[in-house]
Structures are given as C-alpha cells and as structure tokens.
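Observations on chain architecture
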Amino acid sequence: MGVNKSKSAFRSIAEVTEDLGIAPHVLRFWETKFNQIKPMKTKSSRRYYRPDDVELLSLIKELLYERRYTIEGVQKLFKNRSLKDILGTEIQKDFFEEEEEKAENEKITENHTVIETALKDLTTIRNELRGLANI
C-alpha cells in the first residue's frame, strides 16, 4: 500500500481488502455472517474499519483459509463472545459513535434552553393575565 498510516487509523474497504488479499465482496459477505464485524459507516455509507476490525478480519481469514474452518465453525467459535474476548485486547472507542453522542448532547442542551425560555415567557404572560383579571 502506498500510504503509511498510523496503526490506530481507520482503513477504507479498499485498504483492508488489499492488506488481507481478499475481494471487497468477500469482506461485505463476511459482515453479513459475523455480527462482530462492525465497520463505521458515514452518512454516505462508506465503510471505515478500526484496527480492531482489521485484526478480527485477519483472524477470520486465517480460520477460514489456513485452518480450513467453515463459516459455521468460525461462528461457533465466536458465539456468545465479545470482540474483546475474541481478540484478547481492549477495543478502540468508536469515533463516529462518540461524535453522534456529542451532537445529541448539544441538541438536548439546546432544547433545554428553548424550554426554559418558553417557560419564562409563559410565566410572564400568566402574571400579566392575572394582573388584568384583578382590574
């Protein structure tokens, strides 16, 4: 591969398939068979793979191609095991999920501000109506 990326950098589907020596359709097929493979997807549906994903894909390739497991055999090995259990390492934080959570928190804060302003306005209107009722 022409570009040297950090080990913690996300990889495109082209980079991953080139590194592993498999076709993109094989990688997409594996995503349907192994729920542990969860690439990040942009709004335009481009896939980006974390280092943990690439490591898992490498393990799946080894089990299928070198150790001659069937897909069902690999699924049984992975059944009821977390990615951390399978890889034996701490999982990288999901960058896109973190960004979505931050955006959601900003929306909540904005909504609270709108609600507080509306309540103040309503309180002012109520007090004015009460004053008019006493006249």
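Attention here is on the structure that accompanies the text. None of these values were measured; they are calculated from a predicted model. (Residues numbered from 1 in each chain as written. Predicted model: local features only at pLDDT ≥ 70, side-chain atom pairs only at ≥ 80, totals over all residues. Heavy atoms only, no water.)

**Let's talk about the overall build of the chain**
- A count of helices and strands for the chain gives six helices and three strands.
- Moving toward the C terminus, one meets the helices and strands of the chain in the order β-α-α-β-β-α-α-α-α.
- Scored against the burial criterion, the 135 residues of the chain give a buried share of 27%.
- Residue pairs in contact within the chain that sit at least 24 positions apart in sequence constitute 55% of those at least 6 positions apart. (Helix = DSSP H or I, 4+ residues; strand = E, 2+ residues; numbered from the N terminus. Buried < 20%, exposed > 50% of the residue type's maximum accessible area, 1.4 Å probe, protein only. Contact = heavy atoms within 4.5 Å.)

**Describing a nonpolar patch on the surface**
- On the surface, I115, L119, L122, I125, L129, L132 and I135 cluster together into a nonpolar patch covering about 780 Å² of accessible area.
- Note that I115 resides in helix α6 (residues 95-133). (Patch = residues over 30% accessible without salt bridge, like charges linked within 9 Å, V, L, I, M, F, W, Y side chains within 5 Å. Areas by Shrake-Rupley, 256 points an atom, 1.4 Å probe, with all protein chains shown as cover. Salt bridge = Lys/Arg side-chain N within 4 Å of Asp/Glu carboxyl O.)

**A short note on the side chain of R11**
- For R11, the position within the fold is in strand β1 (residues 11-12).
- At 3.2 Å, the side chain of R11 and the backbone oxygen of A9 are in polar contact.
- Apart from the residues within four sequence positions on either side, R11 is in contact with K5, S6, V16, D19, R47, Y48, Y49 and V54. (Polar contact = N/O pair within 3.5 Å; in protein donor to acceptor, adjacent residues only side chain to side chain.)

**As for the environment of V16**
- Tracing the backbone shows V16 in helix α1 (residues 13-20).
- On the accessibility criterion, V16 (1% relative accessible area) is buried.
- Considered as a pair, V16 and L27 are eleven residues apart in the sequence and their alpha carbons are 8.8 Å apart.
- Not counting residues within four places of it along the chain, the set of residues in contact with V16 comprises R11, L27, Y49, V54 and L57.

**Re the packing of aromatic side chains**
- This model, assessed by the stated rule, comprises two aromatic pairs.
- Seen in terms of ring centroids, W30 and Y65 are 6.0 Å apart; in terms of plane orientation they differ by 70°. Their pairing is edge-to-face. Taken together, the positions of W30 in helix α2 (residues 24-33) and Y65 in helix α3 (residues 51-66) put the pair 35 residues apart, joining distant regions of the chain.
- Classification of Y65 as partly exposed rests on a relative accessible area of 39%. (Phe/Tyr/Trp six-rings, centres within 6.5 Å; stacked < 30°, edge-to-face > 60°.)

**Topic: unusual backbone geometry**
- The phi dihedral of S45 falls on the positive side, at around 70°, and the residue is not glycine.
- Note on placement: S45 falls in the loop between β2 (40-41) and β3 (47-49).
- Non-glycine residue R68 carries a positive phi angle of around 65°.
- Within the secondary structure layout, R68 lies in the loop between α3 and α4 (71-78).
- The exposed category is assigned to R68, whose relative accessible area is 65%.

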